[in-house]
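Geometric and topological summary
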Amino acid sequence: MKRGWWEGQTEALGRALTLLGRAPLVTAVVTLVLATALALPATMAWIGAGVTQWFGGQGTEPQITVFFQQTIDREEALAIVQRWREDEVVARVVFVPREAALARLLQTDLGEAIETLPDNPLPDAMTVVPRRFAPQDVAQLQQRLAAEAGIETVQVDTAWVERVHGLARAGTMVAAALAAWFALGMLAQTYLAIRLQLVAAAQEISVLRALGATDGYIGRPFRWFGWLQGLLAGCVGAALWGGLVAWLTPPFDELARLYGLGGFLPFPAWMAVLVLVTAGAVLGVLGAEISLRQFFRAST
Amino acid sequence: MIRCEKLAKIYPGPVAALVDLDLTIPAGQFLLVCGHSGAGKTTLFRLIAGLETPTHGSVSVNEHDVARLGRGGLPYYRRRFGLVLSDAPLLPQRTVAENVALPLLIAGVPRRQAFERVALALERVGLAGRAHELPPTLSGGEQQRAAIARAVVHRPSVVIADEPTAQLDRDNAEEVVRLLRAFHAAGVTMIIATHDEALFASVAQRRIVLANGRLVEDTW
Ligand SMILES: Nc1ncnc2c1ncn2[C@@H]1O[C@H](COP(=O)(O)OP(=O)(O)OP(=O)(O)O)[C@@H](O)[C@H]1O
Ligand SMILES: [Mg+2]
């Protein structure tokens, strides 16, 4: 029985391949449409992610302001500064001595009020710029700083975090909306492709049914067909995406160099290929399933 | 045993293809179904084989009502039959062997085993050498024999053949009758519709005549 099942699957796979090969031009056109539907949002997502990375980083780099406890002396504070300078997640650290902070404060509107105080009320401080700007990285660094002995308070420039968050959120939403929209289009396209195959095979299907074939048996080659068609589209889509990315990377890198921004590689290629191929196959199977269900419901 | 009770099929129109038919077919019988064109022979076969649902009445096999099988059970019910019926022609894009193998593959028989049985069946109908050809390249008589091979390959308990000798010359028709007789001798219930009663006179055990969807004659 087990062997029968495997053979049934391989036989159905063979039939699906035959169906794909029977009309190569139609297969090619459908594949191209599906591949475009996959590659386009992927390319947009890639550009979006890269741009978010640029603007998330530049001119809006996150600053963490750290105030030392009043009880520690200058040397201890400088030792802490030195230690953080050597930390691998930190890009740079600027020490702000309390005198400098006071001098800066005196030049503001608060100056007169401050002048009346007998002692400098301000603590020594340092500003820390992290190497990575992702909100979770910044938050992690903030926690580590706060846990340090001799440090009173840690403040993160929240405006920056919100800016990056906002940009990321908008980018993600645009990419998600596009992906959903194109996925729907892809689903419709595979539905249609399978539908055409079912209509073309209507006579054969009625014969199989008369001979006692179950819906599962009848649908099997078409499920394989949907899967193969989706997989094919996923591979071609990945190739299209790869081509576009390879073509776009030099000008983007050049742009990055001119503006002194980082390189442009928001996510690795294997990840995109994996996602595209998987999405293609899953959507293909789903489209086939919807088509088959509708076909079986309409015929008894 | 197949039992039809008050069996009726009304097509939209309305056309009363079959009206209140009562018929019991014992297992192993060779039944000849006669009647003028449009009498309801094919309609009766479709109802018995579970390819159509009755408008009224019922078909039951061994006291099990076919109407109560539902979508899940119907395919398994259909596998009890061997069909030589225009609703189930040979598929023109599959070879003769692949066509004959269908009832076995549908039932989940492993391929190797299935094609061994196909080879035997084709040998019995004299088509061993034509296994890998496409049906349209076969003569009418050869196609009919291939259809019979497909109808018996899975050893069904009932064979339903709708005018299996139509459009065949005398020699080919007699060959078909000889084959059907042989399978009947092996214990298969035979239900055959024909316009050529004389051809089956020597094998038929019972003859019914339909007229305008009604049973008008039943001789054993
Ligand atoms: N699918 C259908 N839709 C509508 N009417 C039908 C359908 N099938 C059969 N009929 C009608 O039902 C009646 C009986 O048809 P049926 O095919 O059972 O006759 P038959 O005895 O097999 O005739 P023949 O000897 O010509 O094959 C005919 O009047 C036919 O027109
Ligand atoms: Mg007929």
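What counts as what
Residues numbered from 1 in each chain as written. Chains lettered and ligands numbered in written order. Predicted model: local features only at pLDDT ≥ 70, side-chain atom pairs only at ≥ 80, totals over all residues. Helix = DSSP H or I, 4+ residues; strand = E, 2+ residues; numbered from the N terminus. Buried ≥ 20, exposed ≤ 12 C-beta atoms within 10 Å, placed from the backbone. Contact = placed C-beta atoms within 7 Å. Pairing = 2+ DSSP bridges. Axes fitted to C-alpha atoms, helices over the stretch in contact; angles between N-to-C directions. Nonpolar A, V, L, I, M, F, W, Y, C, P; charged D, E, K, R; others polar. Core = buried A, V, L, I, M, F, W, Y, C linked by C-beta atoms within 7 Å. Near = placed C-beta within 6 Å. Domains from an automatic or database assignment. UniProt positions renumbered as here; feature names shortened; annotations may be inferred. Expected span 1.5 Å × (residues − 1). Arc of directions from axis to C-beta.

- Looking at an unreviewed UniProt entry, chain B carries the name ATP-binding cassette domain-containing protein, with the source organism given as Tepidiphilus baoligensis.

1. Considerations on the overall build of chain B
- Of the regular secondary structure elements, chain B holds seven helices and ten strands.
- Seen through its C-alpha atoms, chain B measures out along the principal axes to roughly 45 × 40 × 35 Å.
- For chain B, buried positions account for 44% of its 220 residues.
- Contacts in chain B between residues at least 24 apart in sequence constitute 68% of all its contacts with a sequence separation of at least 6.

2. What to know about unusual backbone geometry
All names here are of chain B.
- The omega angle of the peptide bond from Gly 13 to Pro 14 is -5 degrees, so this bond is cis rather than trans.
- Structurally, the position occupied by Pro 14 is in the loop between β1 (2-11) and β2 (15-25).
- The phi torsion at Asn 62 lies on the positive side, around 50 degrees, for a residue other than glycine.
- Relative to the helices and strands, Asn 62 is located in the loop between β4 (56-61) and β5 (64-65).
- C-beta crowding within 10 Å serves as the criterion here: with 10 such atoms nearby, Asn 62 is assigned to the exposed category.
- Backbone geometry places Glu 63, a non-glycine residue, at a positive phi of 70 degrees.

3. Examining the sheet that holds strand β1 (residues 64-68) of chain A
Residue and element names in this part refer to chain A.
- The four strands lie next to each other as β2-β3-β1-β4, forming an open sheet whose pairing is antiparallel. Two strands lie at the open edges of the sheet, namely β2 (90-96) and β4 (151-156), each paired on one side alone. Put simply, the sheet's adjacent strands are angled 20 degrees from each other on average, direction ignored.
- Two elements, β1 and strand β3 (residues 125-130), share four bridges in a ladder whose sense is antiparallel. Considered in β3, the bridge of Val 66 is made with Met 126.
- With respect to the sheet, helix α3 (residues 74-85) is in contact with β1, β2 and β3, its orientation differing from that of β2 by roughly 165 degrees.
- Sitting on the sheet, helix α6 (residues 135-146) is in contact with β1, β3 and β4, with an inclination near 165 degrees to β4.

4. A short note on the interface of chain A and chain B
- Contact with chain A, which involves 14 residues of that partner, is made by 17 residues of chain B.
- Contributing elements (two or more residues each) for the side of chain A that touches chain B: α1 (2-22) and α8 (202-210) of chain A.
- Its residues assigned to classes, the side of chain A that touches chain B comprises seven nonpolar, four polar and three charged.

5. A short note on the nonpolar core
- Counting residues in each nonpolar core, the largest one holds 76 residues, and the members touching the most others are Val 33, Leu 83, Val 100, Ala 149 and Ile 160 of chain B.
- Ranked by residue count, the leading element in this core is helix α3 (residues 96-106) of chain B, at eight residues.
- Not counting residues up to four positions away in its chain, the partners in contact with Val 33 of chain B are Lys 41, Leu 44, Ile 191, Ile 192, Ala 193, Ile 208 and Leu 210 of chain B.
- Counting 39 residues, the second-largest nonpolar core is a separate cluster that includes Leu 34, Leu 38, Leu 228 and Leu 292 of chain A.

6. A few points about the site of ligand 1
All names here are of chain B.
- Close contacts around ligand 1 come from Tyr 11, Val 15, Ala 17, Gly 35, Ser 37, Gly 38, Ala 39, Gly 40, Lys 41, Thr 42 and Thr 43, and that covers them all.
- For the shell around ligand 1, the secondary structure elements donating two or more residues are β2 and α1 (41-48).
- Residue composition of the shell around ligand 1, by class: four nonpolar, six polar and one charged.

7. Focus on the sheet that holds strand β7 (residues 158-162) of chain B
Residue and element names in this part refer to chain B.
- The six strands are arranged β6-β7-β8-β3-β9-β10 in an open sheet whose pairing can be described as mixed. Taken across any chain shown, the strands that pair with only one partner, and hence form the sheet edges, are β6 (81-84) and β10 (214-219). Across the sheet, the mean angle from the axis of one strand to that of its neighbour is 15 degrees, orientation sign disregarded.
- The sheet contacts of helix α5 (residues 140-152) involve β6 and β7, and relative to β6 the element is tilted by about 170 degrees.
- Each of β3 (30-35), β7 and β8 (189-193) is contacted by helix α6 (residues 170-185), which is oriented at about 150 degrees to β8, the strand it contacts most.

8. A closer look at the pairing of β1 of chain B
Residues and elements named next belong to chain B.
- Bridge count between β1 and β2: seven bridges; the pairing is antiparallel. From the neighbouring strand, Arg 3 faces β2, where its bridge partner is Thr 24.
- By the bridge criterion, five bridges tie β1 to β4 in an arrangement that is antiparallel. When the sheet's bridge partners are listed, Arg 3 is paired in β4 with Ser 60.

9. Quick look at the domain arrangement of chain A
- Its domain assignment divides chain A into domain 1 (2-57 + 164-298) and domain 2 (64-156).
- Each of domain 1 of chain A and domain 2 of chain A was reduced to a C-alpha centroid, and the two centroids are 52 Å apart.

10. As for the UniProt feature "domain: ABC transporter" (unreviewed entry) in chain B
- Within this numbering scheme, the UniProt entry marks residues 2-219 of chain B as carrying the feature "domain: ABC transporter" (unreviewed entry).
- Taken end to end, residues 2-219 of chain B has its terminal C-alpha atoms 17 Å apart, with 34% of it in helix and 28% in strand.

11. Focus: α6 of chain A
Residue and element names in this part refer to chain A.
- Between its terminal C-alpha atoms α6 stretches 16 Å, which fits the 16 Å expected from twelve residues at 1.5 Å a residue.
- If you check which residues of α6 are buried, you get Val 138, Leu 141 and Leu 145. For α6, the arc enclosing every buried residue in end-on projection is 65 degrees, short of the 170-degree limit, so these residues lie on one face. Seen from the buried face of α6, the exposed residues on the opposite side, beyond 90 degrees, are Gln 136 and Gln 143.

12. Quick notes on the environment of Glu 52 of chain B
Residue and element names in this part refer to chain B.
- Mapped onto the elements of the fold, Glu 52 is located in the loop between α1 and β4.
- On the basis of neighbour counts, which here come to 20 C-beta atoms within 10 Å, the residue Glu 52 falls in the buried class.
- As for Glu 52 and Lys 9, which are separated by 43 residues in sequence, their C-alpha atoms are 8.9 Å apart.
- Look past the residues within four positions of Glu 52 in its chain and what remains in contact with it is Lys 9, Arg 46 and Leu 47.

13. A short note on the environment of Thr 194 of chain B
Residues and elements named next belong to chain B.
- On the secondary structure map, Thr 194 appears in the loop between β8 and α7 (197-200).
- The class for Thr 194 is buried, based on 23 C-beta atoms found within 10 Å.
- Between the C-alpha atoms of Thr 194 and Asp 162, which are 32 residues apart in sequence, the distance is 6.9 Å.
- Setting aside its immediate chain neighbours within four residues, Thr 194 contacts Leu 32, Cys 34, Glu 163, Thr 165, Leu 199 and Phe 200.

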